[in-house]
Amino acid sequence: PIITGDFEICDGESSTLNATPGFVSYTWSNGSSTPSIVVTQSGIHNVSVTDINGCAGISPAINFITYQTPVISFTNDTSLTCEIPEIHFTNTSSFPPGSEFEWDFGDNGTSNQSNPSHIFTAPGNYPITLTITTTEGCTATLTQSVDILFFPLPEAKFVPSPYITNVFNSKIVFADESLNAVSWL
């Protein structure tokens with residue numbers, strides 16, 4: 001008998017292994033007695049069969065492999081920014097070595113770095129998507145909404161009164177006309 005099916009899958013998937021049809025009995029290495037079994041975990045499988053004449057045979061063993069599927073999570077340093085709206089993203093995902101990354105920042109910007117930074121040109125709610133693909137082709141994707149808020153830069157402005165003075169009349173009062181300031185040094 002020969003076993004057919006996908007012998008390599010990703011976590012969370014399953015594969016149906018089929019034995020050559022036409023036998024009257026099947027006994028798989030996991031104890032199943034059907035012509036096919038559904039497999040979800042790594043292991044070695046074979047099948048013993050018996051034909052209508054009572055002749056028995058056993059298949060060659062196959063090594064069934066389940067590869068790790070990435071578990072995706074990420075954070076960003078802040079979405080509240082002044083001046084340069086550069087946001088740093090931290091990939092906190094679980095993935096095997098050699099995996100590839102595809103970030104989509106929701107504004108036509110992309111990156112293939114593990115922990116990228118991105119400059120947003122306008123405030124708003126952006127769907128940030130991270131897709132990780134392993135060397136075996138296992139893929140996972142996560143999209144999170146991130147609110148990007150821009151705060152205006154503070155502008156220091158003080159107006160003296162009087163504007164011109166001399167040493168005999170040296171008292172000057174400054175009126176604060178600063179914009180967007182919350183503290184002064």
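Refer to the structure printed above.
The rules we used
- Residues numbered from 1 in each chain as written.
- Predicted model: local features only at pLDDT ≥ 70, side-chain atom pairs only at ≥ 80, totals over all residues.
- Heavy atoms only, no water.
- Helix = DSSP H or I, 4+ residues; strand = E, 2+ residues; numbered from the N terminus.
- Rg over C-alpha atoms; globule rule 2.2 N^0.38 Å.
- Areas by Shrake-Rupley, 256 points an atom, 1.4 Å probe, with all protein chains shown as cover.
- Disulfide = S-S within 2.5 Å.
- Buried < 20%, exposed > 50% of the residue type's maximum accessible area, 1.4 Å probe, protein only.
- Pairing = 2+ DSSP bridges.
- Core = buried A, V, L, I, M, F, W, Y, C linked by side-chain atoms within 4.5 Å.
- Contact = heavy atoms within 4.5 Å.

Novice: Would you explain the overall build of the protein in this entry?
Specialist: The number of helices and strands found in the protein is zero helices and 19 strands. For the protein, the C-alpha radius of gyration of 33 Å lies well beyond 16 Å, the compact-globule estimate for 185 residues. In terms of its C-alpha atoms, the protein occupies a principal-axis envelope of roughly 125 × 25 × 20 Å. Just so you have it, the protein exposes about 11600 Å², and 54% of that area is on carbon and sulfur atoms.

Novice: Help me out: how do you make sense of unusual backbone geometry in this one?
Specialist: Negative phi values dominate among residues other than glycine, just as trans dominates among peptide bonds. Residue Ser-161 is joined to Pro-162 through a cis peptide bond whose omega torsion reads 0°. Tracing the chain through its elements places Pro-162 in the loop between strand S18 (158-161) and strand S19 (173-176). Non-glycine residue Asn-108 carries a positive phi angle of around 75°. Of note, Asn-108 is situated in the loop between strand S13 (100-104) and strand S14 (110-111).

Novice: Sorry, what's going on with the state of the cysteines here?
Specialist: For the coordinates displayed, the defined rule picks out one disulfide. In this model, Cys-10 is linked to Cys-138 through a disulfide, with the two sulfur atoms separated by 2.0 Å. Here the disulfide of Cys-10 and Cys-138 is left-handed, its torsion about the S-S bond being about -95°. Pair noted here: Cys-10 is in strand S2 (residues 8-10) and Cys-138 is in the loop between strand S16 (124-133) and strand S17 (139-151), with a separation of 128 residues, a long-range link. The two residues Cys-10 and Cys-138 agree in class, both being buried.

Novice: Could you clarify how one ought to interpret the pairing of strand S7 (residues 47-50) in this entry?
Specialist: Here is the key point about a regular strand: its side chains alternate between the two faces of the sheet. Side-chain alternation along S7 places Val-47 and Val-49 on a buried face and Ser-48 and Thr-50 on a face that remains uncovered. In the sheet, strand S4 (residues 25-28) pairs with S7 via four bridges, with the strands oriented antiparallel. In the sheet register, Thr-27 faces S7, and the bridge partner there is Ser-48. Across three bridges, the pairing between S7 and strand S8 (residues 56-58) is antiparallel. Across the sheet, Ser-48 pairs through a bridge with Ile-58, a residue of S8. Adjacent in sequence and paired antiparallel, S7 and S8 are bridged by five residues, among which Gly-54 carries a positive phi angle near 90°.

Novice: Help me understand the environment of Thr-121, please; the structure alone is not making it clear to me.
Specialist: You can see Thr-121 is positioned in the loop between strand S15 (117-119) and S16. For Thr-121, a relative accessible area of 73% corresponds to the exposed category.

Novice: I tried to follow the nonpolar core on my own but got confused; where do I start?
Specialist: Phe-74, Phe-89, Trp-103, Phe-120, Ile-128 and Leu-130 are the most contacted members of the largest nonpolar core, which has 15 residues in total. Residue assignment for this core shows that the elements contributing at least two residues are strand S12 (86-91), S13, S16 and S17. Setting aside anything within four residues of it in sequence, one finds Ile-128 in contact with Phe-74, Phe-89, Trp-103, Asp-104, Phe-105, Phe-120, Leu-142, Thr-143, Gln-144 and Val-146. Grouped together as the second largest cluster of nonpolar side chains are 12 residues, Ile-3, Tyr-26, Ile-37 and Phe-64 included.

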